[in-house]
Amino acid sequence: MAIYLYLSLLPEALIASMLSPEEFGTYYAVGSAKKSRGQAMFFEVDPDFRHPYFRVEEAYERCVPHEDGSLKSSVYISVYRVLEHIDFDALMHLYLTTMDGRTLELSPSNQIPNGKEHLHLYQEVVPVSPMVVSRLGPMEFIDQIVRNPVSLVSLPAIVFTELQLGELADDPEMGLMENLPYSNRDHLRQCLTDVKTKYVSTKMVDRSHSPEVQYRTIKNGFFVGNQTHLRYFPMPSPEEIRINNYRWFRSANI
Amino acid sequence: MENYINWIYIAIGAGLISIGVAFYLYFWVLKQDPGTERAKEVASWIKEGANAYLVKLYRSLGILAVVIAFIIAIVFSIQPETAGGGSVTLQIKEGLTMALAFIAGSLSSAIAGYMGMRVAVEANVRTATAANFSLAKAFKLSFNAGAVLGLAMVGMAIIGMSLILLWTGTPEVVLGFSFGASVLALLAKAGGGIYTKAADIAADLVGKIEVGIPEDDPRNPAVVADNVGDNVGDVAGMGADIFDSYVASTVAVMVLGASLGLSQVDQVKYTVIPLILCVFGILASLIGIALVRVKEGQKPGPALNRGTIITTIIFAVFMFVFVYFADVNPGIFWATLTGLIAGVIIGFTSDYFTNDQYKPVRETSRVSTSGAAINIITGYSYGLISIVPSVIGVAAATLIAFYAAEHFGLSGIYGIGISAVGMLSISGMIVSADAYGPIVDNARGIAEMSGMGHEVIVIADELDSAGNTAKAITKGFSIGAAALTVIALFAAYSEVVEDAGVSIAISLREPIVVAGVFLGAMTPPLFSALLMLAVTHNAFDMIKETRRQFSEEPGILAGTHKPDYGRLVSLASEGALSSLVLPAILAIGLPLLTGFVLGPNALGGFLGGSIFTGVIFALLMSNAGGLWDNAKKYIETGKFGGPGSDAHKAAVVGDTVGDPFKDTAGPSLNTLITVMSLVSSLFAPIIAVFYLFK
């Protein structure tokens with residue numbers, strides 16, 4: 001019987017499971033017997049992936065059906081500093097599960113957006129979850145956060161997504177912002193104005209923002225980076241999602 | 001005179017044609033494809049829930065109707081011999097006739113409502129299935145199904161009134177028929193309103209807000225009760241409501257016509273004229289309904305509005321030709337025209353305040369970014385402003401109809417009554433467009449729950465959006481019509497009291513009248529409060545049960561376990577029915593208590609007070625509720641942050657506050673003031689003689 005390996009982002013954890021990605025998403029978001037609920041984001045990891053930091057074999061041995069024949073939903077392998085020990089080549093697909101348990105699969109792409117000409121709003125997901133604005137494109141942003149040798153503060157690896165800014169991306173001073181879904185929009189405008197007009201390239205908007213993401217606000221997709229790798233998992237367009245994944249489309253309020 | 005007696009037979013014929021077409025459309029709907037097994041299964045849950053509620057409702061109402069009929073039979077068997085009271089005679093035949101008329105009114109309204117609901121629960125799944133093919137096909141099916149209620153309602157009403165008039169020759173007995181229809185309407189509308197909003201609030205607050213599942217998701221235990229509510233509240237309830245206004249306005253004018261003090265020929269003529277208006281209204285509605293069509297690529301909303309306007313024009317032409325060739329006082333035509341124009345203007349004014357194309361909804365959406373309190377204050381304020389054009393419309397219609405009739409030598413009050421009948425004559429078309437709304441709403445729910453494709457949902461959404469606009473227009477229309485109807489009923493009440501030999505003087509210089517005005521003005525707010533408290537009480541129980549199911553059975557959300565829909569349907573039914581007792585007693589008991597204790601003048605003041613606050617509260621609550629609902633929907637299109645934003649959360653609060661405003665208390669107030677006016681007119685001859693405060 002197949003055993004899957006998942007890298008959960010909410011919370012950061014490596015999990016072995018007998019459930020397929022869609023089943024796991026539903027279980028993780030709404031189906032737990034412990035009644036824990038909430039949005040889920042997780043990567044499907046190559047089941048042959050091994051790293052000395054993780055006791056994968058031991059977990060696989062425990063990942064067997066229950067006595068009543070039902071499949072084992074989850075065996076937690078690790079819940080701390082997981083991302084930094086993952087080989088990014090082993091990341092197969094990213095799955096986004098809504099609060100009510102509908103799951104969308106994102107496949108990786110080599111066409112990484114640059115977007116140097118615009119301002120950006122980034123929601124970091126793992127390992128910490130601030131919301132920041134920047135005039136750096138996603139690749140430069142990763143360079144600054146993960147690969148900058150002179151920075152006092154850097155992360156070993158990061159998962160983040162870029163959120164929509166509407167007219168503020170080009171015109172933070174005057175752009176229309178009434179349709180943006182974020183709280184404290186005046187502060188957001190000020191932060192964007194600062195990164196546009198002052199020396200700083202990146203500024204924090206909210207230092208303890210919830211790591212849960214309003215999926216409909218995602219501009220392009222998810223970025224995963226460390227010292228050596230950068231992977232990009234683009235979101236399909238709303239129209240594509242509506243046609244191919246109507247349930248998820250409704251559930252995510254797109 | 002015989003010519004006009006023949007019109008009563010023609011009225012019966014028109015009623016039979018109307019019911020015949022309704023049956024034809026009903027069987028046509030049944031012949032359409034009901035779709036997949038899954039769709040049929042989902043539809044069967046809604047059908048069973050709706051039928052179970054109606055059976056319980058009609059059983060309770062049947063018992064109540066028998067009790068009231070028994071009281072009527074006794075009271076009307078005891079007739080005072082002289083105006084001053086003193087000795088009485090026993091006239092059992094009169095008592096039994098009035099009781100039978102009452103039962104016939106209740107029964108006719110129940111049958112029309114039942115037919116409408118039967119077709120609605122068959123049409124919803126067929127509309128969803130038709131939406132797999134085209135919007136035009138789905139629209140035709142749902143509109144024809146709505147027309148079953150519209151045509152059955154006007155058919156049953158005109159046949160009932162004509163038969164009683166033919167049988168007794170006395171319009172006062174038709175008041176009994178109208179009273180029966182009104183009592184049923186009051187309870188059907190209020191009960192349906194409590195049911196639908198308690199279920200809606202439970203489904204939304206737990207399903208959408210707490211758990212995060214979308215609208216109409218089959219995992220929500222309250223979703224079936226919510227869809228059942230659309231049928232029992234918006235189909236059976238609204239049908240009974242307009243049936244009641246339609247009959248009450250016609251009867252009021254009949255009573256006024258009979259008391260104009262004309263020759264016997266003219267007396268018969270002016271008694272029968274309101275029925276003639278109904279005949280032309282039915283014919284115009286039949287033509288209008290036949291012309292409502294949508295071609296591929298066209299929008300359904302304009303087609304519905306076009307149908308209403310075409311019906312109005314055809315009816316006006318019929319009336320002009322009738323008045324011109326039948327040697328009828330031209331004041332009748334102008335009064336009718338006034339009512340028609342006022343009805344359309346009031347209807348479309350309501351649309352202005354509840355449509356997201358215009359400032360009130362957009363402004364309420366915009367200020368929602370500052371929180372729920374600002375949303376509520378803004379929506380409430382626009383609701384208050386929305387009273388203005390409608391009240392001016394009613395006031396203008398009242399004055400124009402009055403002076404137009406007087407100008408041509410006709411009683412001004414009779415003219416006002418004719419304007420109400422004119423407005424309501426095209427009810428066949430209006431109700432058809434209104435009943436279309438809950439059918440497409442249900443169709444959308446079935447499409448969602450049975451997993452139909454996104455393209456079906458897109459079509460269902462478009463149909464649903466047109467239904468919401470039609471609903472807003474109908475609400476404004478029915479409130480305007482009720483206002484004019486009760487003015488006519490008020491006049492009829494005075495006539496009936498004076499016919500009993502008691503002169504009536506309703507002056508604000510009389511403290512007893514002022515007391516009556518205050519008591520009457522108090523009643524609509526009190527009635528509204530009782531209904532809304534019933535909604536919150538029932539919603540609270542349903543929320544607890546919905547939470548319990550989600551909590552105790554995680555498989556429901558995972559989609560592996562079917563929720564217990566029946567438990568929520570049952571809670572909604574029992575809660576709604578048990579909540580009706582007090583409002584029903586209030587509606588019937590308070591005017592009688594006022595009349596029998598304080599006398600006919602105070603009761604006149606009571607009716608005046610209740611009419612004014614009733615109309616104002618009805619307009620405020622219907623329009624503010626519709627406005628909050630559409631402000632939330634406007635935000636859900638992505639404006640001001642879209643779903644899940646702070647503005648959306650604020651708008652959800654406003655919408656939840658507005659739910660019992662617009663679908664429970666607001667629409668029930670029309671019926672409340674009609675019931676109170678009718679019960680007063682009906683018991684006026686007795687009250688005129690027997691009251692305490694002499």
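Residues numbered from 1 in each chain as written. Chains lettered and ligands numbered in written order. Predicted model: local features only at pLDDT ≥ 70, side-chain atom pairs only at ≥ 80, totals over all residues.

Enquirer: Is there a simple way to explain the overall build of chain B in this structure?
Expert: When its secondary structure is counted, chain B shows 20 helices and two strands. Radius of gyration (C-alpha) of chain B: 24 Å, near the 26 Å computed for a compact globule of 694 residues. A separation threshold of at least 6 residues defines the contact pool for chain B, and within that pool the share at least 24 residues apart is 85%. (Helix = DSSP H or I, 4+ residues; strand = E, 2+ residues; numbered from the N terminus. Rg over C-alpha atoms; globule rule 2.2 N^0.38 Å. Contact = placed C-beta atoms within 7 Å.)

Enquirer: It is not clear to me how the interface of chain A and chain B should be interpreted in this structure. Could you clarify?
Expert: Interface size is commonly expressed as the accessible area that is lost once the parts come together. Each partner contributes to the interface: chain A provides 24 residues, whereas chain B provides 19 residues. Counting residues per element, the ones that place at least two in the side of chain A that touches chain B are α1 (21-31), α5 (238-244) and α6 (246-251) of chain A. Ranked by residue count, the leading element in the side of chain A that touches chain B is α1(A), at four residues.

Enquirer: Would you mind showing me how to read the pairing of strand β8 (residues 131-134) of chain A here?
Expert: Side-chain direction in a regular strand flips from residue to residue, so the side chains alternate between the two faces of the sheet. All names here are of chain A. With burial as the criterion, each face of β8 is covered, one bearing Met-131 and Val-133 and the other bearing Val-132 and Ser-134. Alignment of strand β7 (residues 120-126) against β8, held across four bridges, turns out to be antiparallel. When the bridges of β8 are listed, Tyr-122 appears paired with Val-132. Following β7, the chain reverses through four residues before pairing antiparallel with β8. Sheet topology places β8 next to strand β10 (residues 202-206); four bridges connect them, and they run antiparallel. Pairing of Ser-134 across the sheet is with Thr-202, part of β10. (Buried ≥ 20, exposed ≤ 12 C-beta atoms within 10 Å, placed from the backbone. Pairing = 2+ DSSP bridges.)

Enquirer: Before we go on, may I ask you to explain the sheet that holds strand β11 (residues 218-226) of chain A in this structure?
Expert: By way of backbone hydrogen bonds, the strands of a sheet pair with one another, either parallel or antiparallel. All names here are of chain A. Across the sheet, which stays open at both edges, the six strands sit in the order β10-β8-β7-β9-β11-β12 with antiparallel pairing between neighbours. The strands lining the two open edges of the sheet, one partner per strand, are β10 and β12 (230-234). With direction set aside, neighbouring strand axes in the sheet form an average angle of 30°. Bridging between strand β9 (residues 157-163) and β11 involves six bridges; their strand directions are antiparallel. Directly across from Ile-158, in β11, lies its bridge partner Gly-225. (Axes fitted to C-alpha atoms, helices over the stretch in contact; angles between N-to-C directions.)

Enquirer: Hey, could you run me through the environment of Gly25(A) in this one?
Expert: Residues and elements named next belong to chain A. Note that Gly-25 resides in helix α1. For Gly-25, a count of 27 C-beta atoms within 10 Å translates into the label buried. Every residue in contact with Gly-25, bar those within four places of it in the chain, is listed here: Ala-40, Tyr-95, Thr-97, Gly-101 and Thr-103.

Enquirer: Got a minute to help me understand helix α11 (residues 372-407) of chain B in this structure?
Expert: Side chains that are three or four residues apart share a direction in an α-helix, a result of its 3.6 residues per turn. Over its 36 residues, α11(B) extends 52 Å from the first C-alpha to the last, a length consistent with the 52 Å expected when each residue adds 1.5 Å. Immediately downstream of α11(B), the backbone of Gly409(B) shows phi near 80°, a positive value. (Expected span 1.5 Å × (residues − 1).)

Enquirer: Would you mind showing me how to read the sheet that holds strand β3 (residues 40-45) of chain A here?
Expert: Residue and element names in this part refer to chain A. Within the open sheet, the six strands sit side by side as β4-β2-β1-β3-β5-β6. Their pairing is antiparallel. The open sheet has two edge strands, β4 (75-78) and β6 (103-106), and neither has a second partner. Going from strand to strand, the sheet's axes swing by 30° on average, the running direction of each strand aside. Pairing of β3 with strand β5 (residues 91-97), which is carried by six bridges, proceeds in the antiparallel orientation. Looking at the pairing, Phe-42 lines up with Tyr-95 of β5.

Enquirer: How should the packing of helix α10 (residues 359-367) of chain B against α11(B) be read in this particular structure?
Expert: When two helices pack together, you describe them by how their axes are tilted relative to each other and by the distance separating the axes. Residues and elements named next belong to chain B. Running from amino to carboxyl end, α10 crosses α11 at an angle of 165°, the nearest separation of the two axes being 8 Å. Regarding the angle of α10 to α11, the classification is roughly antiparallel. Considering the relative orientation of α10 and α11, their crossing is right-handed. On α11, the residues that touch Pro-360, Glu-363, Thr-364 and Val-367 of α10 are Ile-374, Asn-375, Thr-378, Gly-379 and Tyr-382. (Parallel < 35°, antiparallel > 145°, perpendicular 65-115°, else oblique. Left-handed = near helix turned anticlockwise from the far one by under 90°.)

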